[in-house]
Amino acid sequence: MPEQAADAPHLDMVIRAERAMLPEGPSAAEIGVRDGRIAVVADLGTGLTGEEVLDLSAEQVLLPGLVDTHVHVNDPGRTEWEGFGTATRAAAAGGVTTLIDMPLNSLPPTVDVDALEEKRRTAEPKAFVDVGFWGGAIPGSTEHLIPLHREGVYGFKSFLSDSGVEEFPPLSPAELERDMAVLAEADSLMIVHAESPRALESAPAAEGRSYGSFLSSRPREAENEAIRAVIEAARRTGCRAHILHLSSAEALEDIAAAREEGVRLTVETCPHYLVLSAEEVPEGATTFKCCPPIREESNRRALWEGLRAGVIDCVVSDHSPSTAELKLLDGGDFGGAWGGISSLQLGLSLMWTEAQRQGVDLADAVRWMSSAPARIAGVADKGRIAEGCSADFAVFDPHARWDVRADDLWHRNRITAYDAREVLGRVDRTILRGRTVDFTTPHGRLLRRSG
Ligand SMILES: [Zn+2]
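Residues numbered from 1 in each chain as written. Predicted model: local features only at pLDDT ≥ 70, side-chain atom pairs only at ≥ 80, totals over all residues. Heavy atoms only, no water.

## A look at the packing of aromatic side chains
The line we're drawing: Between rings of Phe, Tyr and Trp, where Trp is taken as its six-membered ring, a pair exists when centres lie within 6.5 Å; planes separated by under 30 degrees are stacked, by over 60 edge-to-face, and by other angles tilted. Only DSSP runs of H or I with at least four residues qualify as helices, and only runs of E with at least two residues qualify as strands; both kinds are numbered from the N terminus onward. Buried means the residue's accessible area, taken with a 1.4 Å probe over protein chains only, is under 20% of the maximum for its type, while exposed means over 50%, and partly exposed covers the values in between.
Counted by the stated rule, this structure contains 8 aromatic pairs. Where phenylalanine 159 meets phenylalanine 168, the ring centres are 5.9 Å apart and the plane angle is 70 degrees; that geometry is what we call edge-to-face. Taking 5.4 Å as the distance between ring centres and 5 degrees as the angle between the ring planes, the aromatic pair formed by tryptophan 410 and phenylalanine 439 counts as stacked. In this pair, tryptophan 410 is assigned in the loop between strand 15 (393-403) and strand 16 (422-432) and phenylalanine 439 in the segment after strand 17 (435-436), connecting sequence segments 29 residues apart. Given a relative accessible area of 31%, tryptophan 410 falls into the partly exposed group. Taken together, the aromatic side chains of Tyr211, Phe214 and Phe334 make up a single cluster linked through ring pairs.

## Considerations on the environment of alanine 233
This is how the line gets drawn: The contact criterion used throughout is that any non-hydrogen atoms of two residues lie within 4.5 Å.
Within the secondary structure, alanine 233 is located in helix 7 (residues 220-237). Given a relative accessible area of 2%, alanine 233 falls into the buried group. Among all residues touching alanine 233, those that are not within four sequence positions of it are Leu176, Glu177, Met180 and Gly238.

## What about the layout of surface pockets?
Going by this rule: In this analysis a 1.4 Å probe is tested at points of a 1 Å grid over the protein atoms alone, and where it fits but cannot get out there is a cavity; an open set with protein on both sides within 12 Å along at least five of seven lines is a pocket; lining residues have an atom within 4 Å of a point. Grid points are joined across faces, edges and corners, and a volume is the space filled by probe spheres set on the points. Asp, Glu, Lys and Arg are counted as charged, while Ala, Val, Leu, Ile, Met, Phe, Trp, Tyr, Cys and Pro are counted as nonpolar; the rest, among them Gly, fall into the polar class.
Taken as a whole, the largest pocket holds about 640 Å³ of empty space. In terms of lining residues, the largest pocket is bounded by 37 residues, among which Asp162, Ser163, Gly164, Arg218 and Cys291 are the most central. Sort the elements by how many residues they give to the lining of the largest pocket and helix 5 (residues 197-201) lands first, with 3 residues. Its residues placed into classes, the lining of the largest pocket shows 15 nonpolar, 15 polar and 7 charged.

## Side note on the packing of helix 7 against helix 8 (residues 252-260)
Where we set the bar: Fitting a line to C-alpha atoms yields each axis, with helices limited to the stretch in contact; the angle taken between N-to-C directions then spans 0 to 180 degrees. Here the word oblique covers every angle except those under 35 degrees (roughly parallel), over 145 (roughly antiparallel) and from 65 to 115 (roughly perpendicular).
Between helix 7 and helix 8, the least distance of the axes is 10 Å, while the angle of their chain directions is 10 degrees. It follows from the interaxial angle that helix 7 and helix 8 lie roughly parallel. Residues Ile227, Arg228 and Ile231 of helix 7 touch helix 8, and the partners they reach there are Asp254, Ile255 and Ala258.

Structural data, given as structure tokens:
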């Protein structure tokens, strides 16, 4: 690590931490920031000087800003569900400094360049963190894939089953493969909501207040079968594919085998599948409804094994909010309620609380939520504390215990499956491009895939 010479160029900010989560592991370090980038990573005690100096307390850990590649902001069009102002403040409060917005549930969906431009215009003045975009692949949109790719989307989201909104219909396996052949040419990425419509149709329909009824309506086999179809399409086209929000641990075996044979496949899961289990969902608690569903405790443990073994690459929120009316909170009918869990602001604390119980290091939990998703999506210079990277940080106190209160969250709708839950670890400060996020003046920027 270099020492700062007397004539070294000026630094805007210096952060001193007894524990900084560097790519090679935790280390006592001084970080020098210039023009929004990490200019120097030096040993603690080097004595870097800068305009602003931040000395972390002995309890605080300096983390890279987290990268959440699975967020439904729903703006423009369904801003009663969420919006860029609320979503990006929630992100910042949770230590997330980069989010990639999903192409559906906004109106219009991001399936052509005009829609992408509208989204960018909407997001830019309200972004408290950096924001990038996924494009969408729906039937009939093939001609828009390459133009969207050239405009800098990070890849394309598709469904194999009903998405829940009519303007974003699913692809058939043949359409998926045809679009992946197009994306392979551009070395883009297809990210897939993998549940098979055939398996869902042959399962009993969900109804009433029983979580068991909902769980049986979305069997593991629906995921397993759809994941096999994605693997097939990736194998035949050579396209990179990414499995979104893996819930069924049974699919881990097929995923590991496909990767072993060289299929270009990555996998994410979400805090709710790692923290919650079907057995604990109360009757009528539709805040816990999401698709694919939260499964049994044995499945949850197997997902942790998948993470430890490296078969699951990363952990992202799948923050998918809606209004209390659509969640049917009053009646608690699992059949009719909107499926989606809000956790953008809570992901790190939830993960750290459970990681500790599982004997997993903070370094691993943070890697799954920062450098790993950044690498998969191709978000350059994010998610790592390294020279040349964006100066994005979360100052985290891993020992702080607190109770989640839905009413205190920045989310537009203060509805969460984690209300009243005690968690461990709190984000004390979030720094984006070398400036502390102040929640009143947005200084996030829009991101484009480069290269
Ligand atoms: Zn989603």
